[in-house]
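The residues making up each chain are set out below.
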Amino acid sequence: MAKSSDSPFPPALRADGVQVADLDTSATPGFDGDKATGAKRLVERQQVLSDLQEKLYANGRSGDPRSVLLVLQGMDTAGKGGIVRHVIGSVDPQGVDHAAFGVPTEEERRHHYLWRIERKLPRGGQIGVFDRSHYEDVLVVRVHELVPRQVWAARYDEINEFERGLVEAGTTLVKVAMFVSLDEQRKRLARRLDRPDKYWKFNPGDIDERAYWPAYQEAYQAVLDRTSTDHAPWYVVPADRKWYARLAVTELLIDALSGLELTWPAPAFDVEEQRRRLAES
Ligand code: ADP
């Protein structure tokens with residue numbers, strides 16, 4: 001495992017021992033400030049993240065195969081989109097490989113469930129962001145029995161092996177499960193119905209899914225219990241407070257990038273010679 005920074009966030013958010021059904025989704029583990037302090041901290045830390053990302057990108061341009069992959073999972077309204085806009089949005093877009101995974105298309109359904117995932121993996125030097133992921137194949141698929149139990153049950157081990165391969169190839173995985181309470185979700189859905197500029201986000205099916213909350217909690221619990229590995233641990237982010245979730249994910253990314261101990265790539269040319277040539281030009 002890569003060396004970790006001394007940030008309080010990763011240890012405070014590790015999934016080990018978390019009981020999804022008992023989670024306090026309004027908590028702010030690893031941070032004892034209020035919203036205003038958190039917002040200020042976020043701005044400062046975004047700069048740190050942005051600098052690290054530039055270094056990762058620079059190394060990628062020099063052939064370094066390493067990358068970071070942020071995997072975002074959460075129920076509707078958990079704030080995955082906000083993370084993409086407010087955390088990932090603070091870094092240079094050319095260094096980001098973003099992919100969202102919805103209901104599989106007909107073509108995707110003809111392939112193994114990891115097929116569409118493999119096609120979207122980050123290239124060397126990139127921060128990959130998965131808005132939903134292969135974990136849908138043991139979440140929505142399990143809750144709605146879209147395939148027989150024995151099929152989805154075999155996927156946990158398969159996912160662990162798949163992710164081991166990614167890590168061995170140089171990808172650091174940052175797996176984040178975001179949780180809001182059922183009450184907070186109601187408020188967020190209500191807001192979407194109150195505002196014409198939010199209608200586009202509203203999906204009547206999201207209300208039906210609320211009835212499956214306990215089944216989803218169970219499915220998320222199984223994901224945390226069975227796929228939080230040393231090579232690719234899960235982090236659990238309480239997400240009732242958006243400002244906190246954004247700060248927490250920023251910190252997790254900073255920690256992952258710091259663990260790569262990146263340095264600026266050495267020049268592939270003689271600096272003195274180029275200075276001389278420039279002066280003479
Ligand atoms: P969002 O709701 O995140 O804005 P979409 O509406 O495009 O995005 O798609 C999300 C929906 O796709 C979710 O309901 C999710 O459960 C579903 N989904 C994602 N992956 C799968 C899968 N492998 N099988 C079935 N449904 C899936």
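Residues numbered from 1 in each chain as written. Predicted model: local features only at pLDDT ≥ 70, side-chain atom pairs only at ≥ 80, totals over all residues. Heavy atoms only, no water.

> I'd like to hear about the packing of helix 2 (residues 35-61) against helix 12 (residues 242-259), residue by residue, with values.
As a packed pair, helix 2 and helix 12 sit with axes 9 Å apart at the nearest point and diverge in direction by 30°. Between helix 2 and helix 12, the angle is such that the two are roughly parallel. Considering only the axes of helix 2 and helix 12, their crossing is left-handed. Contacts between helix 2 and helix 12 involve K35, G38, R41, L42, R45, Q46, V48, L49, L52, Q53 and L56 on the former and, on the latter, W243, R246, L247, T250, E251, L253, I254, L257 and S258. Looking at side-chain class alone, the contact of helix 2 with helix 12 contains 10 nonpolar, five polar and five charged residues. (Axes fitted to C-alpha atoms, helices over the stretch in contact; angles between N-to-C directions. Helix = DSSP H or I, 4+ residues; strand = E, 2+ residues; numbered from the N terminus. Parallel < 35°, antiparallel > 145°, perpendicular 65-115°, else oblique. Left-handed = near helix turned anticlockwise from the far one by under 90°. Contact = heavy atoms within 4.5 Å. Nonpolar A, V, L, I, M, F, W, Y, C, P; charged D, E, K, R; others polar.)

> Break down unusual backbone geometry for me, with residues and values.
Even without being glycine, T77 reaches a positive phi, approximately 75°. Counting through the fold element by element, T77 comes out in the loop between strand 1 (67-74) and helix 3 (80-86). For T77, a relative accessible area of 8% corresponds to the buried category. (Buried < 20%, exposed > 50% of the residue type's maximum accessible area, 1.4 Å probe, protein only.)

> I'd love a proper account of empty space enclosed by the protein, names of residues and values included.
Overall, the coordinates contain one cavity of 30 Å³ or more when judged by the stated rule. Taken as a whole, the largest cavity encloses approximately 40 Å³ of empty space. A78, G79, G82, I83, M178, R188, A239, K242, A245 and R246 are the residues that line the largest cavity. The element contributing the most residues to the lining of the largest cavity is helix 12, with three residues. (1 Å grid on protein atoms, 1.4 Å probe; cavity = no way out; pocket = protein on both sides within 12 Å on 5 of 7 lines; lining within 4 Å. Points joined across faces, edges and corners; volume = space filled by probe spheres on them.)

> Can you lay out the packing of helix 8 (residues 155-168) against helix 11 (residues 213-227) for me, pointing to particular residues and giving the numbers?
Describing two packed helices takes the angle between their axes plus the distance from one axis to the other. The geometry of helix 8 relative to helix 11 is characterised by a closest axis approach of 10 Å and an angle of 50° between their N-to-C directions. In terms of axis orientation, helix 8 runs oblique to helix 11. Judged by the sense of rotation from one axis to the other, the crossing of helix 8 with helix 11 is right-handed. In this structure, helix 8 contributes Y156, D157, N160 and E163 to the contact, and helix 11 contributes A222, V223, R226 and T227. For the contact of helix 8 with helix 11, a count of residues per class yields three nonpolar, two polar and three charged.

> Just give me the short version of the pattern of salt bridges, but keep the residues and values in it.
Applying the stated criterion across every chain, the model contains 17 salt bridges. The shortest N-O distance in the salt bridge between R45 and E251 comes to 2.8 Å. Here R45 is found in helix 2, whereas its partner E251 is found in helix 12, with 206 residues between them in sequence. Classification of R45 by relative accessible area gives partly exposed; the value is 23%. R275 is paired through a salt bridge with E272; the nearest N and O atoms lie 2.6 Å apart. Here R275 pairs with E272, and both are found in helix 13 (residues 271-280), just three residues apart, close to one helical turn. For E272, a relative accessible area of 44% gives the class partly exposed. By sharing partners, the salt bridges in this structure join D76, R132 and E136 into a single network. (Salt bridge = Lys/Arg side-chain N within 4 Å of Asp/Glu carboxyl O.)

> Outline the side chain of D64, listing residues and values.
Along the chain, D64 falls in the loop between helix 2 and strand 1. One polar contact links D64 to R66, side chain to side chain, over a distance of 2.9 Å. When residues no more than four places from it in sequence are discounted, the contact partners of D64 are N59, G124 and G125. (Polar contact = N/O pair within 3.5 Å; in protein donor to acceptor, adjacent residues only side chain to side chain.)

> Residues and numbers for the site of the ligand, please.
Close contacts around the ligand come from D76, F101, G102, V103, P104, R116, R132, E136, D137, V140, V141 and L146, and that covers them all. Contact distances for the ligand include 3.2 Å between a nitrogen atom and a backbone N or O atom of G102. Take R116: an N or O atom from its side chain is 3.1 Å from a nitrogen atom of the ligand. For the ligand, whose accessible area on its own is 570 Å², the fraction buried by protein is 63%. (Near = heavy atom within 4 Å. Areas by Shrake-Rupley, 256 points an atom, 1.4 Å probe, with all protein chains shown as cover.)

> Kindly report on the packing of aromatic side chains, identifying the contributing residues and their values.
Here the structure, examined in full by the defined rule, presents seven aromatic pairs. Plain terms: the ring middles of F31 and W243 are 5.8 Å apart, the flat faces sit at 70° to each other, and that makes the pair edge-to-face. Taken together, the positions of F31 in the loop between helix 1 (9-13) and helix 2 and W243 in helix 12 put the pair 212 residues apart, joining distant regions of the chain. Seen from their ring centres, W243 and Y244 are 6.2 Å apart, and the 90° between their planes marks the pair as edge-to-face. A relative accessible area of 13% places W243 in the buried class. Aromatic ring contacts, followed pair by pair, group F9, F31, W243 and Y244 into a single cluster. Cation over ring: R155 sits above Y113, and NZ or CZ is 4.3 Å from the ring centre. (Phe/Tyr/Trp six-rings, centres within 6.5 Å; stacked < 30°, edge-to-face > 60°. Lys NZ or Arg CZ within 6 Å of the ring centre and 35° of its normal.)

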